[in-house]
Amino acid sequence: MENTQAAEAALLAKAKQDLINDMKSREIGAIIWDNATAGFPYLPEILHHSKKDPEKTRVAQIMGMYRYDDVLYLIEEDRAPIKFDDFWNPDTEAAPTVVTLTEDIALKELGDPEAVKGYTTQGTLEEWTAIADCYFQALNQD
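Conventions used here
- Residues numbered from 1 in each chain as written.
- Predicted model: local features only at pLDDT ≥ 70, side-chain atom pairs only at ≥ 80, totals over all residues.
- Heavy atoms only, no water.
- Helix = DSSP H or I, 4+ residues; strand = E, 2+ residues; numbered from the N terminus.
- Rg over C-alpha atoms; globule rule 2.2 N^0.38 Å.
- Buried < 20%, exposed > 50% of the residue type's maximum accessible area, 1.4 Å probe, protein only.
- Contact = heavy atoms within 4.5 Å.
- Polar contact = N/O pair within 3.5 Å; in protein donor to acceptor, adjacent residues only side chain to side chain.
- Salt bridge = Lys/Arg side-chain N within 4 Å of Asp/Glu carboxyl O.
- Expected span 1.5 Å × (residues − 1).
- 1 Å grid on protein atoms, 1.4 Å probe; cavity = no way out; pocket = protein on both sides within 12 Å on 5 of 7 lines; lining within 4 Å.
- Points joined across faces, edges and corners; volume = space filled by probe spheres on them.
- Nonpolar A, V, L, I, M, F, W, Y, C, P; charged D, E, K, R; others polar.

S.K.: Help me understand the overall build of the chain, please; the structure alone is not making it clear to me.
M.R.: Along its length, the chain carries three helices and six strands. Ordered by position from the N terminus, the helices and strands of the chain form the series α-β-β-β-β-β-α-β-α. Here the C-alpha atoms of the chain give a radius of gyration of 15 Å, agreeing with the 14 Å that 2.2 N^0.38 yields for 142 residues. On the principal axes, the C-alpha backbone points of the chain span a range of 55 × 30 × 30 Å. For the chain, the proportion of its 142 residues judged to be buried stands at 40%.

This is the structure:
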(Lines give C-alpha, C1' and ligand atoms only; values in the text may rest on other atoms or scores of the structure.)
Protein backbone atom coordinates (compact mmCIF):
# COMPACT_ATOMS: atom_id res chain seq x y z
CA MET A 1 0.00 0.00 0.00
CA GLU A 2 2.82 2.42 0.88
CA ASN A 3 4.53 1.72 -2.44
CA THR A 4 1.29 2.49 -4.29
CA GLN A 5 0.84 5.76 -2.39
CA ALA A 6 4.46 6.74 -3.00
CA ALA A 7 4.14 5.94 -6.70
CA GLU A 8 0.94 7.98 -6.95
CA ALA A 9 2.56 10.90 -5.10
CA ALA A 10 5.51 10.77 -7.51
CA LEU A 11 3.17 10.72 -10.53
CA LEU A 12 1.20 13.65 -9.13
CA ALA A 13 4.38 15.66 -8.52
CA LYS A 14 5.54 14.93 -12.07
CA ALA A 15 2.15 15.88 -13.53
CA LYS A 16 2.17 19.20 -11.66
CA GLN A 17 5.74 19.91 -12.77
CA ASP A 18 4.81 19.12 -16.38
CA LEU A 19 1.93 21.61 -16.14
CA ILE A 20 4.23 24.23 -14.61
CA ASN A 21 6.72 23.69 -17.45
CA ASP A 22 3.97 23.95 -20.06
CA MET A 23 2.66 27.18 -18.55
CA LYS A 24 6.21 28.60 -18.42
CA SER A 25 6.80 27.71 -22.07
CA ARG A 26 3.61 29.57 -23.01
CA GLU A 27 4.45 32.47 -20.64
CA ILE A 28 1.23 31.87 -18.69
CA GLY A 29 1.19 32.87 -15.03
CA ALA A 30 -2.47 32.01 -14.60
CA ILE A 31 -5.30 30.64 -16.67
CA ILE A 32 -8.90 31.27 -15.72
CA TRP A 33 -11.91 29.74 -17.42
CA ASP A 34 -15.65 30.26 -17.26
CA ASN A 35 -17.11 26.90 -16.28
CA ALA A 36 -20.55 28.01 -17.53
CA THR A 37 -19.36 28.47 -21.12
CA ALA A 38 -16.22 26.32 -21.40
CA GLY A 39 -18.10 23.25 -22.57
CA PHE A 40 -15.97 20.80 -20.59
CA PRO A 41 -17.46 17.29 -20.54
CA TYR A 42 -17.35 17.43 -16.71
CA LEU A 43 -16.90 20.08 -14.06
CA PRO A 44 -13.33 20.45 -12.83
CA GLU A 45 -13.54 19.87 -9.10
CA ILE A 46 -11.70 18.38 -6.16
CA LEU A 47 -12.60 17.08 -2.74
CA HIS A 48 -11.03 19.70 -0.47
CA HIS A 49 -9.98 18.76 3.07
CA SER A 50 -9.93 21.35 5.83
CA LYS A 51 -6.44 22.07 7.17
CA LYS A 52 -7.81 22.44 10.69
CA ASP A 53 -10.05 19.37 10.61
CA PRO A 54 -9.02 16.79 7.96
CA GLU A 55 -12.33 14.96 8.47
CA LYS A 56 -14.18 18.04 7.22
CA THR A 57 -14.41 18.08 3.43
CA ARG A 58 -16.19 20.01 0.70
CA VAL A 59 -16.33 19.86 -3.06
CA ALA A 60 -14.40 22.73 -4.61
CA GLN A 61 -15.15 23.66 -8.20
CA ILE A 62 -12.01 24.81 -10.01
CA MET A 63 -11.96 27.81 -12.35
CA GLY A 64 -8.30 27.83 -13.29
CA MET A 65 -4.68 27.43 -12.29
CA TYR A 66 -2.14 29.90 -10.93
CA ARG A 67 1.61 29.37 -11.21
CA TYR A 68 3.22 31.19 -8.30
CA ASP A 69 6.80 30.84 -7.08
CA ASP A 70 7.16 27.56 -9.01
CA VAL A 71 4.13 26.03 -7.27
CA LEU A 72 0.89 25.32 -9.10
CA TYR A 73 -2.31 26.33 -7.33
CA LEU A 74 -5.87 25.54 -8.30
CA ILE A 75 -8.22 28.53 -8.24
CA GLU A 76 -11.47 27.74 -6.46
CA GLU A 77 -14.58 29.21 -8.03
CA ASP A 78 -16.67 31.35 -5.64
CA ARG A 79 -13.90 31.19 -3.01
CA ALA A 80 -10.82 32.87 -4.50
CA PRO A 81 -11.08 36.68 -4.29
CA ILE A 82 -11.41 37.04 -8.06
CA LYS A 83 -14.23 36.92 -10.55
CA PHE A 84 -13.94 35.83 -14.14
CA ASP A 85 -15.71 39.03 -15.20
CA ASP A 86 -12.87 41.11 -13.69
CA PHE A 87 -10.68 40.29 -16.69
CA TRP A 88 -12.69 41.74 -19.56
CA ASN A 89 -14.79 44.82 -20.28
CA PRO A 90 -18.43 43.90 -21.02
CA ASP A 91 -19.03 47.35 -22.55
CA THR A 92 -16.45 46.95 -25.29
CA GLU A 93 -15.56 43.25 -25.53
CA ALA A 94 -17.35 39.99 -26.21
CA ALA A 95 -17.34 37.65 -23.22
CA PRO A 96 -14.37 35.29 -23.37
CA THR A 97 -14.43 31.71 -22.19
CA VAL A 98 -10.78 31.68 -21.16
CA VAL A 99 -8.41 34.35 -19.91
CA THR A 100 -4.67 33.85 -19.65
CA LEU A 101 -2.47 36.15 -17.60
CA THR A 102 1.26 36.64 -17.89
CA GLU A 103 3.29 35.95 -14.76
CA ASP A 104 3.60 39.69 -13.98
CA ILE A 105 -0.12 40.38 -14.42
CA ALA A 106 -1.07 37.24 -12.48
CA LEU A 107 1.11 38.34 -9.58
CA LYS A 108 -0.37 41.84 -9.65
CA GLU A 109 -3.99 40.67 -9.94
CA LEU A 110 -3.94 37.50 -7.85
CA GLY A 111 -1.18 38.17 -5.33
CA ASP A 112 0.12 35.61 -2.86
CA PRO A 113 -2.11 32.51 -2.94
CA GLU A 114 -1.03 31.54 0.58
CA ALA A 115 -2.32 34.85 1.97
CA VAL A 116 -6.00 34.36 1.06
CA LYS A 117 -8.58 31.61 0.82
CA GLY A 118 -9.51 30.13 -2.51
CA TYR A 119 -6.21 28.72 -3.77
CA THR A 120 -5.16 25.15 -3.12
CA THR A 121 -2.60 22.54 -4.05
CA GLN A 122 -4.85 19.73 -2.84
CA GLY A 123 -6.39 17.09 -5.05
CA THR A 124 -5.77 13.51 -6.05
CA LEU A 125 -3.91 12.34 -9.12
CA GLU A 126 -7.25 11.60 -10.78
CA GLU A 127 -8.61 15.08 -9.94
CA TRP A 128 -5.46 16.80 -11.22
CA THR A 129 -5.56 14.70 -14.39
CA ALA A 130 -9.11 15.86 -15.05
CA ILE A 131 -8.15 19.48 -14.36
CA ALA A 132 -5.11 19.16 -16.64
CA ASP A 133 -7.50 17.98 -19.35
CA CYS A 134 -9.60 21.10 -18.76
CA TYR A 135 -6.43 23.21 -18.96
CA PHE A 136 -5.55 21.86 -22.40
CA GLN A 137 -9.14 22.19 -23.60
CA ALA A 138 -9.18 25.78 -22.32
CA LEU A 139 -5.99 26.57 -24.24
CA ASN A 140 -7.74 25.48 -27.43
CA GLN A 141 -10.56 27.96 -26.70
CA ASP A 142 -8.28 30.86 -25.88
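S.K.: Explanation requested: the environment of Asp-70 in the structure shown.
M.R.: Within the secondary structure, Asp-70 is located in the loop between strand 3 (57-68) and strand 4 (71-76). For Asp-70, a relative accessible area of 41% corresponds to the partly exposed category. Considered as a pair, Asp-70 and Gln-17 are 53 residues apart in the sequence and their alpha carbons are 8.6 Å apart. Residues in contact with Asp-70, not counting those within four places in the same chain, are Ile-20 and Lys-24. Engagement of the side chain of Asp-70 in a polar contact is seen with the side chain of Lys-24, the distance being 2.9 Å.

S.K.: Got a minute to help me understand the side chain of Thr-120 in this structure?
M.R.: Of note, Thr-120 is situated in strand 6 (residues 119-120). Dropping the residues within four chain positions of it, Thr-120 is found in contact with Ile-46, His-48, Leu-72, Tyr-73, Leu-74 and Glu-76.

S.K.: Would you explain the pattern of salt bridges in this entry?
M.R.: Where charged atoms from two side chains of opposite charge approach closely, those side chains can pair. Within this structure, the stated rule accounts for six salt bridges. Notably, a salt bridge pairs Lys-14 with Asp-18, separated by 2.9 Å at the nearest N-O pair. With Lys-14 and Asp-18 both in helix 1 (residues 2-25) and four residues apart, this pair spans about one turn of that helix. It is possible to trace a salt-bridge network through shared partners that takes in Arg-58, Glu-76 and Arg-79.

S.K.: Can you help me understand the environment of Leu-74 in this one?
M.R.: Here Leu-74 lies in strand 4. Taking the C-alpha atoms as reference points, Leu-74 and Thr-121, 47 residues apart in sequence, are found 6.1 Å from one another. If near-sequence neighbours (up to four positions away) are discounted, Leu-74 is found in contact with Ile-46, Ile-62, Gly-64, Met-65, Gly-118, Tyr-119, Thr-120, Gln-122, Trp-128 and Ile-131.

S.K.: What is the right way to read helix 3 (residues 125-141) from this model?
M.R.: Residues that lie three or four places apart on an α-helix share one face, since the helix turns once every 3.6 residues. Compared with an ideal rise of 1.5 Å per residue, which puts 17 residues at 24 Å, helix 3 spans 24 Å between its outermost C-alpha atoms and is within 8% of the ideal. When we look at burial in helix 3, the residues that qualify are Leu-125, Glu-127, Trp-128, Ile-131, Ala-132, Cys-134, Tyr-135, Ala-138 and Leu-139. Those residues of helix 3 that are buried are in contact with helix 1, strand 1 (30-33), strand 2 (45-49), strand 3, strand 4 and strand 5 (98-101).

S.K.: Help me understand the layout of surface pockets in this model?
M.R.: The gaps of empty space that remain are located by a probe, the size of a water molecule, rolled over the atoms. A volume near 520 Å³ is recorded for the largest pocket. Taken together, 20 residues line the largest pocket, and the ones lying closest to its centre are His-48, Lys-51, Arg-58, Arg-79 and Lys-117. For the lining of the largest pocket, the secondary-structure elements that each account for two or more residues are strand 2, strand 3, strand 4 and strand 6. In terms of residue class, the lining of the largest pocket is made up of four nonpolar, eight polar and eight charged.

Read these as geometric descriptors, not functional statements.
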